Amino acid sequence: MIRFDAASKRYGAGPPALDGLTLEIPAGETCVLVGPSGGGKTTALKMVNRLVEPTSGRVLIDGRDVASTDPVTLRRGIGYVIQQVGLFPHLDVAANVATVPRLLGWDRRRTERRVDELLDLVGLEPATYRHRRPDELSGGQRQRVGVARALAADPPILLMDEPFGAVDPVTRARLQAEFLRLQQQLRRTVVLVTHDIDEALRLGDRLAVLATGGRLEQYGTPAEVLGRPATPFVADFVGSGRTLRRLDLLSAADALALRPPIASEAGGAIGATAAPDAAVAPDATLADVVAALLTGDGAAVRVVEGGSVLGTVTLDSIRAALRETAADPAVPEVQGEVELEDDGESLGDREGPVGSGETAR
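What you are looking at is a predicted structure, and each value in this text was computed from that prediction instead of being measured. (Residues numbered from 1 in each chain as written. Predicted model: local features only at pLDDT ≥ 70, side-chain atom pairs only at ≥ 80, totals over all residues. Heavy atoms only, no water.)

> Before we go on, may I ask you to explain the pattern of salt bridges in this structure?
Close approach of charged atoms allows side chains with opposite charge to pair. In this structure the tally under the stated criterion is eleven salt bridges. Between R187 and D205 there is a salt bridge, with the nearest N and O atoms lying 3.7 Å from each other. One end of the pair, R187, is in the loop between helix 8 (169-186) and strand 8 (189-194); the other, D205, is in the loop between helix 9 (197-203) and strand 9 (206-211), and 18 residues separate them in sequence. Residue R187 is classed as partly exposed on the basis of its relative accessible area, which comes to 39%. In this structure, the salt-bridge partner of R215 is E217, at a minimum N-O distance of 2.6 Å. With a relative accessible area of 42%, R215 lands in the partly exposed category. (Salt bridge = Lys/Arg side-chain N within 4 Å of Asp/Glu carboxyl O. Helix = DSSP H or I, 4+ residues; strand = E, 2+ residues; numbered from the N terminus. Buried < 20%, exposed > 50% of the residue type's maximum accessible area, 1.4 Å probe, protein only.)

> What should I look at first to understand the pairing of strand 8 in this one?
Counting buried residues in strand 8 gives six out of six residues, a clear majority hidden from the surface. In this structure, strand 3 (residues 30-34) lies alongside strand 8, joined through five bridges in parallel fashion. Within the sheet, the bridge partner assigned to L33 lies in strand 8 and is V193. Bridge count for strand 7 (residues 157-161) against strand 8 is five bridges, and the pairing is parallel. Each bridged residue has a counterpart across the sheet, and for I157 the counterpart in strand 8 is T189. (Pairing = 2+ DSSP bridges.)

> Where do I start with helix 7 (residues 139-151) in this structure?
Every α-helical turn comprises 3.6 residues, leaving residues that sit three or four positions apart pointing alike. With 13 residues, helix 7 should cover 18 Å at 1.5 Å per step; its first-to-last C-alpha distance of 19 Å lies within 8% of that length. Counting buried positions along helix 7 gives eleven out of 13 residues, so the element sits mostly inside the fold. For helix 7, the set of buried residues is G140, Q141, Q143, R144, V145, G146, V147, A148, R149, A150 and L151. (Expected span 1.5 Å × (residues − 1).)

> Honestly, the nonpolar core in this entry has me stumped. Any pointers?
Proteins that are soluble and globular tend to have nonpolar side chains buried together. Counting 41 residues, the largest nonpolar core has V97, M160 and F164 as its most contacted members. By residue number, the principal contributor to this core is helix 7, which donates five residues. Excluding its chain neighbours within four sequence positions, the residues that come into contact with V97 are V115, L118, L119, V145, A148, R149 and A152. L23, C31, L33 and L159 belong to the second largest nonpolar core, which has 25 residues in total. (Core = buried A, V, L, I, M, F, W, Y, C linked by side-chain atoms within 4.5 Å. Contact = heavy atoms within 4.5 Å.)

> I would appreciate a short explanation of the sheet that holds strand 11 (residues 278-280) in the present structure.
Strand pairing in a sheet is mediated by backbone hydrogen bonds. Such pairs are either parallel or antiparallel. As summarised here, the arrangement of the three strands in space is 11-12-13, forming an open sheet in which the pairing is mixed. Every interior strand has two partners, whereas the edge strands, strand 11 and strand 13 (308-314), have only one. Neighbouring strand axes in the sheet, compared pairwise and without regard to direction, differ in orientation by 35 degrees on average. Direction of pairing for strand 12 (residues 300-305) relative to strand 13: antiparallel, over a ladder of six bridges. Opposite E305, over in strand 13, you have S308 as the bridge partner. (Axes fitted to C-alpha atoms, helices over the stretch in contact; angles between N-to-C directions.)

> Would you explain the sheet that holds strand 8 in this entry?
Across the sheet, which stays open at both edges, the six strands sit in the order 6-7-8-3-9-10 with mixed pairing between neighbours. Both outer strands of the open sheet, strand 6 (78-81) and strand 10 (215-220), are each paired with one neighbouring strand and no more. With strand direction ignored, the average angle separating the axes of adjacent strands in the sheet is 15 degrees. Where strand 6 and strand 7 come together, four bridges link them in parallel fashion. Paired with G79 across the strands is L158, a residue of strand 7. Contacts between helix 7 and the sheet are confined to strand 6 and strand 7, with strand 6 contributing the most and set at about 175 degrees to the helix.

Distances and angles like these do not, on their own, reveal function.
See the structure below:
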């Protein structure tokens with residue numbers, strides 16, 4: 001567990017780079033620090049491994065103040081991926097990835113096996129790339145090697161500063177998917193910095209939204225941040241399309257109607273123009289369900305598990321799920337959000353794709 005306890009950082013007499021940050025990151029979760037430039041995201045991240053020392057306050061790992069731990073020892077147990085990658089130019093790819101395992105005294109065969117495993121994971125064929133130097137790689141390839149190096153010693157904590165920012169969109173999506181797969185298996189404690197709200201929503205178990213001046217505006221799950229923005233700043237930052245983004249955070253099971261549409265005496269279906277002809281799994285996102293509704297002829301999508309139909313999802317049940325997850329009388333409604341109803345615009349009229357696991361922008 002990582003805890004920021006009123007951690008602040010000031011440089012001279014100017015405004016704070018980080019202003020009294022207090023939050024707790026449970027072990028095994030990914031916390032994404034997200035916000036505009038000047039929000040103190042990287043400053044906060046670097047406090048965890050003591051590359052930046054707080055002016056006041058503390059950072060604790062498993063209840064122990066990091067200031068009481070030798071910096072070198074601390075950093076060897078924390079993976080670190082930076083924006084500029086930071087590969088050693090005189091070492092080849094394999095030696096770069098093996099940096100921490102060598103420092104920890106791993107034997108040669110174990111190290112080589114881990115290097116090849118990680119290169120394959122990040123999409124670099126070991127036989128082709130392990131003996132290349134950094135100046136023989138593209139920017140995207142260097143970033144992949146940086147990610148592999150951070151994971152090499154299987155650290156319990158991983159710090160990632162814009163880790164996928166230097167790669168093309170296809171590679172970025174693949175690396176994000178691989179990160180999610182690994183995190184589901186390993187459950188490391190991850191602190192990740194990004195300016196991209198869509199990346200934050202996809203990767204984070206919790207989001208810390210920071211404003212200019214290092215002020216924490218909201219800390220919560222992606223669903224909480226999208227459904228109940230704590231301040232106008234948060235509502236503006238996540239954007240007017242947050243309802244569509246929420247479709248990627250909810251599953252078909254969250255919007256399940258307990259029974260299919262009821263047949264009318266005329267032989268049709270009440271509330272439907274045709275019987276459900278598309279099917280999804282219970283864990284399919286509502287974005288995938290909406291895509292199926294828009295591309296199919298029916299007004300409902302069947303939810304199927306193990307050959308059994310659990311029920312259906314309709315636009316009405318999706319609206320109900322969105323209302324339920326957003327309902328919170330203690331939080332004033334932030335105006336300006338486009339909902340799925342009562343605005344004269346259907347989902348089919350919106351620009352851009354919705355579904356297939358991609359976040360609408």
